[in-house]
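Coordinate analysis (summary)
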Amino acid sequence: MREQICLLLAHEFEVAGSFSEGQALLAGVERLRPDAVVSDVHMPLIDGIEAGRRMVQQGLCTAIVILTVYNEPELVQSALASGIRGYVLKADAGEELALAVHAVTKGGMYLSSSVRYSPGTL
């Protein structure tokens, strides 16, 4: 799946790395200093939301998009509360992932069109 996501993004962005677990993701972001990060929620050692929170806190990257199959309002709320600015469902990735990356790199936010979330719950 990571390879497919890299190929999808490579049409519009330079893809600098692919990491299968949260600790490696944090180390890679610290080393590569990317303009944006796309991460899954569930990863070994450190999940994507916690990794995103640490990236934001440490000033490593603020343009972070979660790409996941999980469409639970609690996870969306947790991601946004941690400083993550994009949440895209894998089912929507083909049409929406590049849009999300563009939005967060410009300082905006992006939620997949099919995400179940009410902004008033934050």
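As the structure is a prediction and not an experimental result, all values here were calculated from the model.

Here is what the cut-offs are and how they apply
- Residues numbered from 1 in each chain as written.
- Predicted model: local features only at pLDDT ≥ 70, side-chain atom pairs only at ≥ 80, totals over all residues.
- Heavy atoms only, no water.
- Helix = DSSP H or I, 4+ residues; strand = E, 2+ residues; numbered from the N terminus.
- Buried < 20%, exposed > 50% of the residue type's maximum accessible area, 1.4 Å probe, protein only.
- Salt bridge = Lys/Arg side-chain N within 4 Å of Asp/Glu carboxyl O.
- Pairing = 2+ DSSP bridges.
- Right-handed = clockwise from strand over helix to strand, strands pointing away.
- Arc of directions from axis to C-beta.
- Polar contact = N/O pair within 3.5 Å; in protein donor to acceptor, adjacent residues only side chain to side chain.
- Expected span 1.5 Å × (residues − 1).
- 1 Å grid on protein atoms, 1.4 Å probe; cavity = no way out; pocket = protein on both sides within 12 Å on 5 of 7 lines; lining within 4 Å.
- Points joined across faces, edges and corners; volume = space filled by probe spheres on them.
- Nonpolar A, V, L, I, M, F, W, Y, C, P; charged D, E, K, R; others polar.
- Contact = heavy atoms within 4.5 Å.
- Axes fitted to C-alpha atoms, helices over the stretch in contact; angles between N-to-C directions.

The topology assignment puts Ser20 in the loop between α1 (2-10) and α2 (22-32). Taking relative accessible area as the criterion, Ser20 reaches 47% and is therefore assigned partly exposed.

Enumeration according to the criterion identifies 3 salt bridges in this entry. Arg54 is paired through a salt bridge with Glu50; the nearest N and O atoms lie 2.9 Å apart. In this pair, Arg54 and Glu50 both sit in helix α3 (residues 48-57), 4 residues apart, roughly one turn of the helix. Classification of Arg54 by relative accessible area gives partly exposed; the value is 27%. Through salt bridges with shared partners, a single ionic network connects Glu50, Arg53 and Arg54.

Looking now at the pairing of strand β2 (residues 64-68). Regular strands show a simple pattern: their side chains alternate between the two faces of the sheet. Summarising burial for β2: 5 of the 5 residues are buried, a large majority. Alternating residues of β2 divide into Ile64, Ile66 and Thr68 and Val65 and Leu67, and every residue in both groups is buried. Where strand β1 (residues 37-39) and β2 come together, 3 bridges link them in parallel fashion. By the bridge assignment for β2, Ser39 is matched with Ile66. A crossover links β1 with its parallel partner β2, the connecting element being α3, and its sense is right-handed.

Turning our attention to α3. Here α3 has its buried residues at Gly48, Ile49, Ala51, Gly52 and Met55. Along the axis of α3, the buried positions cluster into a sector of 160°, meaning they face one direction only. The residue sitting at the N-terminus of α3 and contributing the capping side-chain oxygen is Asp47; that oxygen lies 2.9 Å from the backbone nitrogen of Ile49. Gly59, located one to two residues past α3, shows a positive phi value of around 70°.

Looking now at helix α5 (residues 93-105). Relative to the 18 Å expected for 13 residues at 1.5 Å per residue, α5 spans 17 Å between its end C-alpha atoms, a close match to the ideal helical length. Within α5, the full set of buried residues consists of Ala93, Glu96, Leu97, Ala98, Ala100, Val101 and Val104. Among the residues trailing α5, Gly107 stands out with phi positive, at a value near 90°.

For the largest pocket, the calculated volume is near 790 Å³. As for the largest pocket, its lining consists of 31 residues, and the residues nearest its centre are Leu9, Val15, Gly17, Val37 and Val38. Looking at the lining of the largest pocket, the elements with two or more residues in it are α1, α2, β1 and α5. The class makeup of the residues in the lining of the largest pocket is 18 nonpolar, 7 polar and 6 charged.

Turning our eyes to something else, we now look at the sheet that holds β1. Taken in spatial order, the 4 strands make up an open sheet running β1-β2-β3-β4, and their pairing is parallel. A single partner strand is all that each edge strand has here, and the edge strands are β1 and β4 (110-111). Where α5 meets the sheet, it contacts β1, β2, β3 (86-89) and β4, and its direction lies at approximately 165° from that of β2.

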